[in-house]
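Remarks on the overall topology
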Amino acid sequence: MIITLKSNQNTPKRESLISWLKSQGMRVEISEGEHQTILGLIGDTSKIDTDLICSVDIVESVSRVSEPFKKASRKFHPDNTVVKVGSTRIGNGHFAVMAGPCSVENEAQVLTIARAVKAAGASLFRGGAYKPRTSPYAFQGLGKEGIDLLIKAKKETGMPIVTEIMDAAHLRFFDDVDMLQIGARNMQNFELLKQVAKVNKPVLLKRGMNSSIEEWLMSAEYLMSEGNPNVVLCERGIRTTDSKYTRNTLDLSAIPVVGKLSHLPIIVDPSHATGRRDLVESMSLGAIAVGSNGLQIEVHNQPEKALCDGAQSLAPEQFASLMTKARTFIQATGRELN
Ligand code: PEP
Ligand code: MN
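In this text the structure is predicted, and so the values were computed from the model without any measurement. (Residues numbered from 1 in each chain as written. Chains lettered and ligands numbered in written order. Predicted model: local features only at pLDDT ≥ 70, side-chain atom pairs only at ≥ 80, totals over all residues. Heavy atoms only, no water.)

A short note on the pairing of strand β14 (residues 294-298)
Applicable threshold: Using a 1.4 Å probe on the protein chains alone, a residue whose accessible area is under 20% of its type maximum counts as buried, one over 50% counts as exposed, and one in between counts as partly exposed. Labels follow the DSSP assignment, with helices taken as runs of H or I lasting at least four residues and strands as runs of E lasting at least two, numbered in each case from the N terminus. DSSP-based pairing: two strands are paired if at least 2 bridges between them are found.
Among the five residues that make up β14, five are buried, leaving the element largely enclosed by the rest of the structure. The alternating pattern of β14 places G294, Q296 and E298 on one face and L295 and I297 on the opposite face, and all of these are buried. Across five bridges, the pairing between strand β7 (residues 94-100) and β14 is parallel. Following the sheet pairing, G100 is matched in β14 by E298.

Next comes the structure, spelled out in structure tokens:
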């Protein structure tokens with residue numbers, strides 16, 4: 001349920017309304033917008049009398065919300081959320097590019113790529129230390145050693161780092177990681193979401209490859225209901241009928257749809273969405289055009305030798321050329337590249 005308060009409300013009356021709502025068993029989410037204040041009620045609102053609330057003189061309107069996600073809903077929080085990762089901002093006109101290898105392989109590889117993506121204008125450095133691989137015989141990532149190499153890259157370049165967490169037991173290795181990534185395969189690992197939410201770090205929540213937009217927003221709700229408001233969504237392609245020509249189908253329509261449903265920033269990963277290096281640039285520009293708040297792009301110094309996802313990884317010079325074009329698109333759409 002959403003209660004919109006009149007502007008210039010009287011503070012004691014507002015406080016007494018909030019305490020009455022709490023006494024009715026409601027959790028009250030307060031959103032102070034520029035022009036209005038909204039109280040979002042979370043809990044069983046079936047016994048709340050909307051007419052009674054409407055009759056309170058500081059109340060402008062009351063409406064019931066049908067969506068199952070509340071804290072992630074734009075109805076509860078009309079203004080765009082901006083998530084800060086180190087000194088980088090994502091959302092509400094702030095555009096961030098996360099770039100780096102699929103997986104951390106060795107020190108020379110990580111540092112070479114980090115320097116190159118930084119020089120081309122990336123705002124965050126990505127790299128997988130714990131890798132979710134379809135085959136147990138494939139390279140599984142360097143684990144903690146991989147995280148240490150990412151931290152080295154961060155110290156050298158100043159870029160905040162984002163890397164995937166697959167198991168809450170590894171959280172102790174993530175102290176110096178700036179943003180935790182929940183991968184597509186773990187989007188509905190609810191225990192992992194609950195544990196990750198307790199750590200006070202921004203989370204990049206990738207869309208599950210078979211997940212609906214509502215399921216994705218419900219996973220964001222898990223993180224938020226456990227106390228973490230700093231969630232960035234990432235569309236990375238979903239399974240549809242054609243897997244012959246592209247690895248997944250990039251659901252670009254999800255960007256404006258989520259933008260209507262939620263205040264959370266949303267970015268696009270064209271690398272996993274297509275699985276093809278030659279499609280990354282056009283899909284990136286398309287993502288900017290439809291309102292994405294950022295991009296996550298795989299870059300490798302020797303894509304043909306990459307231990308993981310080489311076919312979709314850009315060489316550093318291809319990434320630099322993409323960044324030049326992306327800048328024009330970002331400016332043309334009135335946003336600012338971090
Ligand atoms: C990744 O970012 O390397 C990754 C495994 O992504 P996803 O979870 O989207 O497949
Ligand atoms: Mn990958």
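On we go.
Considerations on the state of the cysteines
Put simply, the rule is: Throughout, disulfides are identified as pairs of cysteine sulfur atoms within 2.5 Å of each other.
Tallied over the entire structure, the rule returns zero disulfides. The thiol sulfur of C234 is not disulfide-bonded, and the nearest other cysteine sulfur, from C102, lies at 13 Å. C234 gets classed as buried once you look at its relative accessible area, which sits at 0%. Free of any disulfide, C308 has its nearest cysteine sulfur in C102, 3.1 Å distant. By relative accessible area, C308 is classed as buried at 6%.

Focus: the sheet that holds strand β2 (residues 27-32)
Put simply, the rule is: Here an angle of 0 to 180 degrees is reported between the N-to-C directions of two axes, which are lines fitted to C-alpha atoms, with helices fitted over the stretch in contact. In what follows, a contact means two residues having at least one pair of non-hydrogen atoms within 4.5 Å.
With antiparallel pairing, the four strands of this open sheet are ordered in space as β2-β3-β1-β4. Only two strands of the sheet have a single partner each, and these edge strands are β2 and β4 (59-63). Neighbouring strand axes in the sheet, compared pairwise and without regard to direction, differ in orientation by 20° on average. The pairing of strand β1 (residues 2-5) with strand β3 (residues 37-42) spans four bridges and is classified as antiparallel. Residue I2 lies in a different strand from β3, and its bridge partner there is G40. Across the sheet, helix α1 (residues 11-23) is in contact with β1, β2, β3 and β4; its angle to β2 comes to roughly 150°.

Some words on the packing of aromatic side chains
Selection criterion: Aromatic contacts are taken between Phe, Tyr and Trp rings whose centres are within 6.5 Å, Trp giving its six-membered ring; a plane angle under 30 degrees counts as stacked, one over 60 as edge-to-face, and the others as tilted.
Considering all chains together, one arrives at two aromatic pairs under this definition. Consider the rings of Y130 and F174, whose centres lie 6.1 Å apart with planes at 20°: the pair is stacked. Here F174 lies in the loop between β9 (161-164) and β10 (179-182) and Y130 lies in the loop between β8 (124-126) and α4 (144-157), a separation of 44 residues in the sequence. Residue class for F174 comes out buried when judged on its relative accessible area of 0%. Pairing F190 with Y222 gives two aromatic rings, centres 4.5 Å apart and planes at 20°, and the pair type is stacked. Placement of the pair is F190 in helix α5 (residues 190-198) and Y222 in helix α6 (residues 213-225), with a sequence separation of 32 residues. For F190, a relative accessible area of 30% translates into the label partly exposed. Overall, the relative accessible area of 29% leaves Y222 in the partly exposed class.

Re the coordination of the manganese ion (ligand 2)
Each donor-metal-donor angle in an ideal tetrahedron of four donors is 109.5 degrees, and each such angle in an ideal octahedron of six donors is either 90 or 180 degrees. The test is simple: Sodium, potassium and calcium take a 3.2 Å donor cutoff, other metals 2.8 Å, and in both cases only N, O and S atoms count; water is not among them, so sites may look incomplete.
Summarising the metal site, the manganese ion (ligand 2) is bound by the protein donors C102 (SG), H272 (NE2), E298 (OE) and D309 (OD), whose distances to it range over 2.0 to 2.4 Å. All donors of the manganese ion (ligand 2) come from a single chain, and their spacing in sequence reads C-x169-H-x25-E-x10-D. Taken together, the positions of H272 in helix α8 (residues 270-274) and D309 in the loop between β14 and α10 (316-332) put the pair 37 residues apart, joining distant regions of the chain. The same class applies to H272 as to D309, namely buried.

Structural notes on the layout of surface pockets
Rule in force here: Cavities and pockets were defined on a 1 Å grid built over protein atoms only: a cavity is a set of grid points that admits a 1.4 Å probe from which the probe cannot escape, a pocket is an open set flanked by protein on both sides within 12 Å along at least five of seven lines, and lining residues are those with an atom within 4 Å of any such point. Grid points are joined across faces, edges and corners, and a volume is the space filled by probe spheres set on the points. Gly is put with the polar residues, along with every residue not named as nonpolar or charged; the nonpolar set is Ala, Val, Leu, Ile, Met, Phe, Trp, Tyr, Cys and Pro, and the charged set is Asp, Glu, Lys and Arg.
The computed volume of the largest pocket comes to approximately 300 Å³. Along its surface, the largest pocket is lined by 25 residues, and K131, P132, R185, H272 and D309 are the ones closest to its centre. Considering every element that reaches the lining of the largest pocket, the biggest residue donor is β9, with three residues. In terms of residue class, the lining of the largest pocket is built from seven nonpolar, eight polar and ten charged. One number sums up the size of the second largest pocket: a volume of about 190 Å³. Lining the second largest pocket are 16 residues, with R74, N80, G259, G291 and N293 positioned closest to its centre. Considering every element that reaches the lining of the second largest pocket, the biggest residue donor is helix α7 (residues 254-261), with three residues. Classifying every residue of the lining of the second largest pocket by side-chain character gives five nonpolar, nine polar and two charged.

Any functional reading would require information beyond the geometric quantities listed.
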